[in-house]
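Each chain, letter by letter, is given below.
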Amino acid sequence: MTRDSGNLAWRNLLNIRRTPGSLVASVVQPVMFVFLLAYVFGGSLGGASYREFIMAGIFAQTVTFNASFTTIGLANDLQKGVVDRFRSLPMSRVAVLLGRTTSDLTTSVVSLVVTTLCGLAIGWRIRGNPLDAVLGYLLILLFAFAMSWVGAFIGLVARSVEVAQSLGLIWLFPATFISSGFVSVAAMPEPLATIAEWNPITSLANSVRDLFGNPTPAGLPQPQGWPAENAVLYTVLCSLGLIALFMSMAVARYRRAASR
């Protein structure tokens, strides 16, 4: 299965050369959000300290939004009959999905590099120690892998590129903005504050801030509650839980789709 997954991941990466638009979108998106949030909103919300605060949220948002590429990619393979050709080959059905999620993890790495460079350009810095910084990036990639499995399941449910484009994006905006990515959870009204407090995107943003040494600005309410106090642990548990849940759901859905 590992070899099959690797071959399919390589196939997906080669397809980027033929359709570079998806890679361009994954690069342009973080650039747009970094400069938009830093300079349109940042001046009235804290200036330099707010720019450092939002970078963790943009990292979290970037890898979450990349799940839409998995959604559209799988829906495209289904619509064009590529999945039917894979079914005729002697390979594990899990390999098709694992190849897709692995290749899209590579896209997330590229997005993280671009986001990091944009952050450095606006004055953001990693102020923690190097080991914590490495752990921060690994935590982001773990969450990105979990989000790609969410995207894989949605893509298999959609079964067409047009539907996948809608379903792949419609949940992303509330999921990322009802979080501590860009504002403090304590400033939100109920029940949004409770939802945001337990949102794994919130815990990822809080974890990255802690690991990168970018504290919440003094003018914003400090995060509280068990998810905030155990942000790294909660993010890891949520990521593993999402992988286990949506991997099993995606594999079951893929078996149904491939048997038709």
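The rules we used
Residues numbered from 1 in each chain as written. Predicted model: local features only at pLDDT ≥ 70, side-chain atom pairs only at ≥ 80, totals over all residues. Heavy atoms only, no water. Core = buried A, V, L, I, M, F, W, Y, C linked by side-chain atoms within 4.5 Å. Buried < 20%, exposed > 50% of the residue type's maximum accessible area, 1.4 Å probe, protein only. Helix = DSSP H or I, 4+ residues; strand = E, 2+ residues; numbered from the N terminus. Contact = heavy atoms within 4.5 Å. 1 Å grid on protein atoms, 1.4 Å probe; cavity = no way out; pocket = protein on both sides within 12 Å on 5 of 7 lines; lining within 4 Å. Points joined across faces, edges and corners; volume = space filled by probe spheres on them. Nonpolar A, V, L, I, M, F, W, Y, C, P; charged D, E, K, R; others polar. Phe/Tyr/Trp six-rings, centres within 6.5 Å; stacked < 30°, edge-to-face > 60°. Lys NZ or Arg CZ within 6 Å of the ring centre and 35° of its normal.

### Details of the nonpolar core
- With 52 residues, the main nonpolar core has I54, F59, L97 and W149 as its most contacted residues.
- The set of elements that each furnish at least two residues to this core consists of α2 (21-45), α3 (48-65), α4 (67-80), α6 (93-121), α7 (130-158), α11 (200-212) and α13 (231-258).
- Ranked by residues supplied to this core, first place goes to α7 with 14 residues.
- Other than its neighbours up to four places away in sequence, F59 contacts L112, T115, T116, W124, Y137, I140, V208 and F212.

### With respect to the layout of surface pockets
- The volume enclosed by the second largest pocket comes to roughly 190 Å³.
- Surrounding the second largest pocket, 16 residues form its lining, V185, A186, Q222, P223 and Q224 being those nearest its centre.
- By residue number, the principal contributor to the lining of the second largest pocket is α11, which donates three residues.
- Classifying every residue of the lining of the second largest pocket by side-chain character gives seven nonpolar, seven polar and two charged.

### Overview of unusual backbone geometry
- Residues E190 and P191 are joined by a peptide bond in cis, for which omega reads 5 degrees.
- Along the polypeptide, P191 turns up in the loop between α9 (172-177) and α10 (192-198).

### Concerning the packing of aromatic side chains
- Per the stated rule, a full pass over the model turns up 15 aromatic pairs.
- Where F59 meets W124, the ring centres are 5.6 Å apart and the plane angle is 65 degrees; that geometry is what we call edge-to-face. Residue F59 is located in helix α3, and its partner W124 is located in the loop between α6 and α7; the two are separated by 65 residues in the primary sequence. By the burial criterion, F59 is buried, and W124 matches it.
- Three or more aromatic residues link up through ring pairs in this structure, and these residues are F33, F65, F173, F177 and F182.
- The lysine or arginine in question, R209, covers the ring of F53, its NZ or CZ lying 3.7 Å from the ring centre.

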